[in-house]
Amino acid sequence: MSDLANVYQLFRSKFEDNDFQYYYPPSYIRSLTECDDKIIFAFRKVQNHILSSEMDAVRPKQSPNSNGSASLDLTGSPLRDVSFEQFEEMNLSKEYHESSVQNLWTIDEETYAPLSTEKARSLLQAFISLECRIGRGSIWVLCCGTDSEQKVLLQLSVNAASNNQRHFTRGVVRFSGVQPSNSITLGQLIDIHRQRAGEGMKFSPKIQIQQWCKLHAQITLRLSWNAMGEGSTFAVERNARVRLSQEFPVNNGAFSRSSPAEYFWQQLQRLAMMRERIMDIRANRESGYARNDVCGEAEMDLEYIKQKVNNILSSFLEVEPVTYNSSTIIDMVSLVQKRKLTDVMERLYDALTLCSSYEDLKAAIDYIFHLSTHSNIVNVPTNGTRFSQLILAMIQDRLAIPLLTGSEPYELLLECGFSKLMNDYRTIFTEAGIYELEFEKLFQPQVTNTRKSRYATGNGPQLDAHHGAPSKRSATQLFQSAAGEERVREKSILLSNFDEDEVKLRLNRLAQVHLLLEHLLLLESAVNVPSIYGRVCELYLGRAPYSYGEVYNRRTDLLEFELDEFMLLRKADHVLPCARRVTMSSANMLQKLETVFYQNVKPILPGRFYPQFECKELDSKHEFWCYEYDRIESL
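Calculation notes
- Residues numbered from 1 in each chain as written.
- Predicted model: local features only at pLDDT ≥ 70, side-chain atom pairs only at ≥ 80, totals over all residues.
- Heavy atoms only, no water.
- Pairing = 2+ DSSP bridges.
- Helix = DSSP H or I, 4+ residues; strand = E, 2+ residues; numbered from the N terminus.
- Contact = heavy atoms within 4.5 Å.
- Buried < 20%, exposed > 50% of the residue type's maximum accessible area, 1.4 Å probe, protein only.
- Axes fitted to C-alpha atoms, helices over the stretch in contact; angles between N-to-C directions.
- Left-handed = near helix turned anticlockwise from the far one by under 90°.
- Nonpolar A, V, L, I, M, F, W, Y, C, P; charged D, E, K, R; others polar.
- Parallel < 35°, antiparallel > 145°, perpendicular 65-115°, else oblique.
- Phe/Tyr/Trp six-rings, centres within 6.5 Å; stacked < 30°, edge-to-face > 60°.
- Lys NZ or Arg CZ within 6 Å of the ring centre and 35° of its normal.

> Any chance you could explain the pairing of strand S10 (residues 241–249) here in plain terms?
Within a regular strand, side chains alternate between the sheet's two faces. As defined by bridge partners, strand S9 (residues 219–228) adjoins S10 across 6 bridges and the pair is classed as antiparallel. By the bridge assignment for S10, leucine 221 is matched with leucine 244. With 8 bridges joining them, S10 and strand S13 (residues 556–563) adopt antiparallel strand pairing. When the sheet's bridge partners are listed, valine 242 is paired in S13 with leucine 563.

> Hey, could you run me through the side chain of histidine 514 in this one?
Relative to the helices and strands, histidine 514 resides in helix H17 (residues 500–526). Other than its neighbours up to four places away in sequence, histidine 514 contacts Phe255, Ala261, Phe264, Trp265 and Tyr425.

> I would appreciate a short explanation of the environment of methionine 228 in the present structure.
By the secondary structure assignment, methionine 228 is in strand S9. On the accessibility criterion, methionine 228 (54% relative accessible area) is exposed. Excluding residues that lie within four positions of it along the chain, methionine 228 makes contacts with Pro205 and Lys206.

> Explanation requested: the packing of helix H12 (residues 358–374) against helix H13 (residues 386–395) in the structure shown.
Between two packed helices, what matters for the description is the angle formed by their axes and the separation of those axes. Where H12 contacts H13, the two axes come as close as 7 Å, and the packing angle between them is 35 degrees. Where H12 crosses over H13, the handedness of that crossing is right-handed. From H12, Ile365, Ile368, Phe369, Ser372 and Thr373 reach across to H13, where they touch Phe387, Leu390, Ile391, Met394 and Ile395. Residues belonging to the contact of H12 with H13 are distributed by class as follows: 8 nonpolar, 2 polar and no charged.

> What is the right way to look at the packing of H13 against helix H14 (residues 408–431) in this model?
Where H13 meets H14, the closest approach of the two axes is 8 Å, and the angle between their N-to-C directions is 110 degrees. In terms of orientation, H13 and H14 fall into the roughly perpendicular class. Taken together, the residues of H14 that come into contact with H13 (itself represented by Arg386, Phe387 and Leu390) are Glu411, Leu412, Glu415 and Cys416. Partitioning the contact of H13 with H14 into residue classes produces 4 nonpolar, no polar and 3 charged.

> For this particular structure, what's the right way to read the packing of aromatic side chains?
One pass over the structure, following the stated rule, counts 25 aromatic pairs. For the pair tyrosine 28 and phenylalanine 41, a centre-to-centre distance of 6.4 Å together with 55 degrees between the ring planes defines the contact as tilted. With tyrosine 28 in helix H2 (residues 27–33) and phenylalanine 41 in strand S2 (residues 39–45), this residue pair connects regions lying 13 residues apart in the sequence. The ring of phenylalanine 234 carries the charged tip of arginine 580 above its face, separated from the ring centre by 3.8 Å.

> Would you take a moment to explain the pairing of strand S14 (residues 577–587) for this structure?
For S14, a buried count of 10 out of 11 residues is recorded, marking the element as mostly surrounded by other parts of the structure. As paired elements, strand S7 (residues 202–203) and S14 share 2 bridges and run antiparallel to each other. Bridge pairing in S14 links lysine 202 to alanine 587. Where strand S8 (residues 206–216) and S14 come together, 6 bridges link them in antiparallel fashion. Paired with glutamine 210 across the bridge in S14 is arginine 581. As paired elements, S14 and strand S15 (residues 591–600) share 9 bridges and run antiparallel to each other. Along S15, the bridge assignment pairs serine 585 with glutamate 594.

What follows is the structure, given as structure tokens:
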């Protein structure tokens, strides 16, 4: 655990000619050390002229609240942002896309220019001479690599206790050139380490090896094992630990356009839009009543919808048992999307989403209530939503026809939409034999928040902004039946029960479930090892979900987990490694030397700052950029 805040302030005051940051390490330091503790990083700040103009054109918007396209099929914010046509018109050239994929460093790291090796060394030596006794952590300086040893990073780790005794560990990272991968042997690396250690240190026979290989453009396997002795090789051990990393390209919501599960993401978008309409109405904004494609693109007139509703409630439906015989996830997604709706409330929800305006929706629901009171209903809803409870109560002559006001039509429709979408996801996961989705547990809030939004409950009268006057009935008023007040207390049904936090949690969790489904579809197409799917679901759903809005501001979504799976090892047998990390050490009574040999098929440092490292093409088609990280510690 690093604690270098005082040291950071000292650096900024004493060495004003350089730039410093006290933050998590850059990507290349994480690759070498596999440490995420905060560090002090010294560099020279420059403007990123190469990418700044291009990034301005494609940088994702941070706020999802801008008005724009009214289409349900969006690629920007969760509600109304950049349309697909606008998205395609942006500067997303193939050349830029490929370069951004190939680079192992981040855009910000393009602005971290190196210092000269002499200046970096003098900076660390000056710190050692300063009177700063308290601190714990690492200081790194980026070097230009123009010296004879091609040093690219210098490190000084300090561990000072309250007794003012400081303990230093020094580290240096060298670039050792580009070499054909088949010319690198473990024996050669051992020889290099021993030369650095000298005769006075004893070599430890335990060597840690990590090797990465690409199974797919977005899927990487990391294999870890220990080698013993001089005659060890890079052959993967059968007991190697496996870590799978999959980066699903979210691309600010654009993933849905090419996804076989696009239909279900659109349903989630629709629910998010309904929530926004409800929030607008409860805040007395006229926009809550405006037509905004909340109910879909295939809009119909009110008479058509009434006829459809009448058929749903009054006509017998021949129900045949549904058998899903699909053995793949992608086929199950297609089957569930095209399934014939048999649940009464799901069919009613499907009909009501055809309404073209708030008034039509309100009139259609009112028509359902009248049918329930005066007609011979043969299809009785039973799915447990408040909408179905109201219909059932009116069929049984326990309630008078309620008067819907404010956001109540959307609230009833939103609950039905949640129920249908949960049923869709549950069917996909269950029938495909992947995982049992328990939404009751997923929807439980992880942190209790006693402070509610002022729009979160239905207490108090709700202004009906559409009609310009307060409604005659409050949103929480109990509907009275003809049997009297005593019977109302026993049989009353709460019409409005909207909770902003609860709805937000449901949207977040369903967005997480959908991204999990996208991950599984990618795994199935690229790896196809069904035995790992259950573990993937368990680990992924165990994480706190991102908010529905944050999903759109992500470039990728990372799925990463460790598992024991022999089938994955077999997948990596005939794949050339894309990176390798070898760690070995030697020690005596006074010092310990640890050497990390890191090799990657791509450079880990921005090439614009290291033009001298540009290599001529080798005869080998598979070569590594090689780095050596020596860390010497006084015992």
